[in-house]
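# Structure assessment
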Amino acid sequence: MKHKSVKKITSLLLSGALLAMGTAGIMPAMHASAATADPSYVTDNAAKLRYYYEIIPGTNNCKLERITDLNGTWSLTTKTAITIPSTITVKNGNTSSTYTVTELGGFQNQAVIHSNNPDHTRVATLTIPNTVKRINRQAFIDYEVPALTTLKINVGALNYCAPDAFGRNCNLTSIKIYNPSSNAYNINTNTKSSFENYYGALLTTTYKACNGDLFKLNNSSLANKLTFLGAVSTSPYYKQVAYEYAQKIAQDNGFTATNISVQKKLEMIYNYMKTNVRYSYILDTENERTTAFGASPLGVLAFHSGICEGIAYGFEYLCRASGINVTNSASTSSVLDVSLPAHLANAFRFSSNQGYYMIDCTTSSFMTTMGYETAGFSDAYVNDKNTLNHNRSTIPFSYSNLNSANFCEGNSYFKIETQINDSMDVEIYDKNNPNCKFTKFTAKPKNVIGQSYKPEQFAGTSEYNPNYNPPTEFPQYVSSYVYFGIKVGGVVINTTNGSSQNITVNGHTYKVQFKTLNYAQTGVAPRSAYSDYYYLSITRI
C-alpha cells in the first residue's frame, strides 16, 4: 500500500482495553501541533511519544508503524518500557475517529522502534495489546532493539507473525503470555513443562506432506503459535527451553551414564538424531518456510523437524546435556558447530592436542575427516549463532588427517525387542571381516518381559585409542552398503528380510525374527521417515 503525505491536527485517546492493561485513570485528549508526516501520526504528550499509523482501508483498524520521541527525528531513545496502545483516536476539528491497532510494522519493512544510533535504543520491556493480529516483517528487528529482554504478548490473538519480526539474534529472555482468565500477562513458557502446557496442541497435532520436505499443519488454527515461535527462535529464552528438552532426552536414553565412553555417547546421540529427527520445513499461515524455526535446536528437539542448522545445534545441545566437554570457547570445546558452504555440521576431538573429526547427522557421516562424506568441503568455520550462550568466535579450525577410509557412514539402525526373562548377547559384524564387530550388545530385561531397545540406546563397541598405530586399528561403523551379519547368543541369524528361525542357547529355545522397519511415526510433527532400519525380535519359546 502506498503511503500518502497528509497534514493533520491530531490527538490521542487511550482505549478501555489499554486501561485494562494497567494505565491508571482516563487520560484527556493530548493536543499536537500541525505537522507533516508520512505516514500520519498522533501525539501523546504525557508519554512524550508519537505514534505513526496507517488506516487499513474499509475498516476501523490501523497499522502502528513507528513509535518515536516528540522531536520528529523518527527516533526513540529515551524509553525503557513501551506499552503499545490498543486504539488510537484521531481528532480533526469537532470530529474524531477511533481505530483499533491490529497490525504492527509494515512501513518499508522498518522497525517500529528505531534509533538513529541503535545502541541508544533503551526499550527493555515491550507490551503488545490483545488487539494485534499481525506483526509484520522486521517490526522489532534485533539491531533496532538490542536492549529488549521482556515481551508481553497475547500469542493466541495473533493470526501471523513474520519470521524476522524480532530479528535473527534477539535478546528476549522472558516472554509473558496473556492469560484471559486473570486478565494479566502471567503465562510463562520458559521451561520444558510450561512450554508444553501452552504449546501442547501444537506439539501433538498432525502434519501433512505438501511437497518433498515441506509439511503443513492440519490444524491451521494453531499456525499463529508456530509463526510466533519461528520469530523468537534465536532468543536466549528459546535456547533455554531447548536445553531442557536436551536434558530430558539425554536422561531418558542413557546418554548421561558415567560407565560408557565419550565415543559411545556420541554414537548414541548420533543414532537418536537420525531416528527421531526428519529433515523438513514446516509451512506457516503465509505458506512461508519456517526457516528460522527449522534452524533452531528447539524445532529439532521438541518438534523432531528441522534443517541442517537446527540438526547440528540439536546435536551439540545433546552432547552438552550428556556430560561431554562442550564449552563456550572454541579453543577448549570438544564439540563444535561448524559452518560449511551452505551447510552446518558438527566436529569432535578427543583431546586438545588433536584435530577434529566431522559428525554430520544430516548427511549420515559419523567420525569422518574433513572433505570425506561432507560433499568434499575443504573450508570450515566455527559457528555459534544458536549455541547456548552465543559467545564463541567465528574462526577457522583444524581437522584430523586420519585416513578417512577407516571411517564411513554411521550405524545402520536396529530396533531390538525381547520377550525373554534372561540376558542375550546380540552381535552385529562385518561379514567380510568377522573380526570387525560393530555392536556387541547384551539385552537385559528389566522389570517386565518385552523390553524394547531403541537404536539410540546402544552403540558400537570398537573404541578409538589415540595411541593406536596404524589407523587400521581405529573403529569402523556400519554403513548402509556394508554386508553385515548378526549373531544372537553366538548363533548366526538369517538376515533375509522377514526371516525367522529357532535357535538354542544354553539349553533354551528362542525364536528370532529379522525384518526391515519403517521407523516413521505419525500423528506428531514430522519425524524420521527413513525406511532403512532393521528390526530384531527375540522370543523365548
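Refer to the structure printed above.
Structural notes, computed from the coordinates.

How each quantity is defined
Residues numbered from 1 in each chain as written. Predicted model: local features only at pLDDT ≥ 70, side-chain atom pairs only at ≥ 80, totals over all residues. Heavy atoms only, no water. Helix = DSSP H or I, 4+ residues; strand = E, 2+ residues; numbered from the N terminus. Buried < 20%, exposed > 50% of the residue type's maximum accessible area, 1.4 Å probe, protein only. Contact = heavy atoms within 4.5 Å. Areas by Shrake-Rupley, 256 points an atom, 1.4 Å probe, with all protein chains shown as cover. Pairing = 2+ DSSP bridges. Axes fitted to C-alpha atoms, helices over the stretch in contact; angles between N-to-C directions. Core = buried A, V, L, I, M, F, W, Y, C linked by side-chain atoms within 4.5 Å. Phe/Tyr/Trp six-rings, centres within 6.5 Å; stacked < 30°, edge-to-face > 60°. Lys NZ or Arg CZ within 6 Å of the ring centre and 35° of its normal. Disulfide = S-S within 2.5 Å. Salt bridge = Lys/Arg side-chain N within 4 Å of Asp/Glu carboxyl O. Expected span 1.5 Å × (residues − 1).

## Regarding the overall build of the chain
Of regular secondary structure, the chain possesses 8 helices and 35 strands. For the chain, the residues scored as buried account for 54% of the 541 residues in total. For the chain, contacts bridging at least 24 residues in sequence account for 64% of all contacts bridging at least 6. Carbon and sulfur atoms make up 46% of the accessible area of the chain, which amounts to about 22200 Å² in all.

## A short note on the sheet that holds strand 17 (residues 207-211)
Through backbone hydrogen bonds, the strands of a sheet pair up, either in parallel or in antiparallel fashion. Pairing within the open sheet is mixed, and its 3 strands lie in the order 17-18-20. Since the sheet does not close on itself, it has two edges, and those belong to strand 17 and strand 20 (281-283), each with one partner. Sheet twist, expressed as the average angle between the axes of neighbouring strands with direction ignored, equals 40°. The pairing of strand 18 (residues 214-217) with strand 20 spans 3 bridges and is parallel. Paired with leucine 214 across the two strands is tyrosine 281, which belongs to strand 20.

## Overview of the nonpolar core
If you look at the biggest cluster of nonpolar residues, it comprises 94 residues, and the most contacted ones within it are Ile135, Phe140, Phe166 and Phe228. Residue contributions to this core peak at 9 residues, all from helix 4 (residues 236-252). Once you skip the residues sitting within four places of it in the chain, phenylalanine 228 turns out to touch Leu151, Ile153, Val155, Leu158, Cys161, Phe166, Ile175 and Tyr199.

## A word on the packing of aromatic side chains
Taken as a whole, this structure holds 14 aromatic pairs when the rule is applied. Look at tyrosine 243 and tyrosine 317: their rings are 6.3 Å apart centre to centre, the planes differ by 70°, and that puts the pair in the edge-to-face class. Here the residue tyrosine 243 occupies a position in helix 4, and tyrosine 317 occupies one in helix 8 (residues 308-321), the gap between them amounting to 74 residues. Look at tyrosine 243 and you get buried, because its relative accessible area is 14%. Residue tyrosine 317 is classed as buried on the basis of its relative accessible area of 0%. By the ring-pair criterion, three or more aromatic residues cluster together here, those being Tyr41, Tyr52, Trp74 and Phe107. Its guanidinium or amino end placed over the ring of tyrosine 245, lysine 192 lies 4.9 Å from that ring's centre, counting from NZ or CZ. Note that lysine 225 overlies the ring of tyrosine 198, its terminal NZ or CZ placed 4.1 Å from the centroid.

## Concerning the side chain of lysine 192
Relative to the assigned elements, lysine 192 resides in helix 2 (residues 192-204). Non-local contacts of lysine 192, meaning those with residues more than four positions away in its chain, are made with Val241, Glu244, Tyr245 and Lys248.

## Some words on the state of the cysteines
Across all of its chains, the model carries 0 disulfides by this definition. No disulfide involves cysteine 361; its nearest neighbouring cysteine sulfur is the one of cysteine 319, lying 8.4 Å away.

## Focus on the environment of arginine 278
Summarising the element assignment, arginine 278 is placed in strand 19 (residues 278-279). Remark: the alpha-carbon pair of arginine 278 and glycine 306, spanning 28 residues in sequence, is separated by 6.5 Å.

## Concerning the pattern of salt bridges
Counted according to the given criterion, the structure contains 8 salt bridges. We note a salt bridge from lysine 63 to glutamate 65, for which the minimum N-O separation is 3.7 Å. When its relative accessible area of 14% is taken as the criterion, lysine 63 is described as buried. One salt bridge connects arginine 134 with glutamate 286, and the closest N-O pair in it is separated by 3.2 Å. Here arginine 134, found in strand 12 (residues 134-135), pairs with glutamate 286, found in the loop between strand 20 and helix 6 (291-294); they are 152 residues apart in sequence, far enough to count as distant. With a relative accessible area of 25%, arginine 134 lands in the partly exposed category. Glutamate 286 sits in the partly exposed class, given a relative accessible area of 35%. Three or more residues are tied together by salt bridges with common partners; here these are Glu54, Lys63 and Glu65.

## Observations concerning the sheet that holds strand 8 (residues 81-83)
A sheet is described by the order of its strands in space; here 5 strands give the open sequence 8-11-13-15-16, paired in mixed fashion. Looking at the sheet topology across the chains shown, the edges are occupied by strand 8 and strand 16 (184-188). For this sheet the average axis-to-axis angle between neighbouring strands, irrespective of direction, equals 20°. Relative to strand 11 (residues 125-127), strand 8 runs parallel, the two being bridged by 3 bridges.

## Here's the deal with helix 5 (residues 262-276)
For helix 5, spanning 15 residues, the distance from its first C-alpha to its last is 21 Å, which sits close to the expected 21 Å at 1.5 Å a residue. Of all 15 residues making up helix 5, 13 are buried, and the element is well covered by its neighbours.

## Considering the environment of arginine 168
In this structure, arginine 168 sits in the loop between strand 14 (160-161) and strand 15 (174-179). Arginine 168 gets classed as partly exposed once you look at its relative accessible area, which sits at 32%. Sequence-wise, arginine 168 and threonine 234 are 66 residues apart; in three dimensions their C-alpha atoms are separated by 6.0 Å.

## Considering unusual backbone geometry
With a phi angle near 60°, tryptophan 74 is a residue other than glycine that sits in the positive phi range. Mapped onto the fold, tryptophan 74 is located in the loop between strand 7 (61-68) and strand 8. Here tryptophan 74 falls in the partly exposed class, since its relative accessible area comes to 24%. One non-glycine residue with positive phi stands out, namely histidine 304, at about 60°. On the secondary structure map, histidine 304 appears in the loop between helix 7 (297-303) and strand 21 (305-306).

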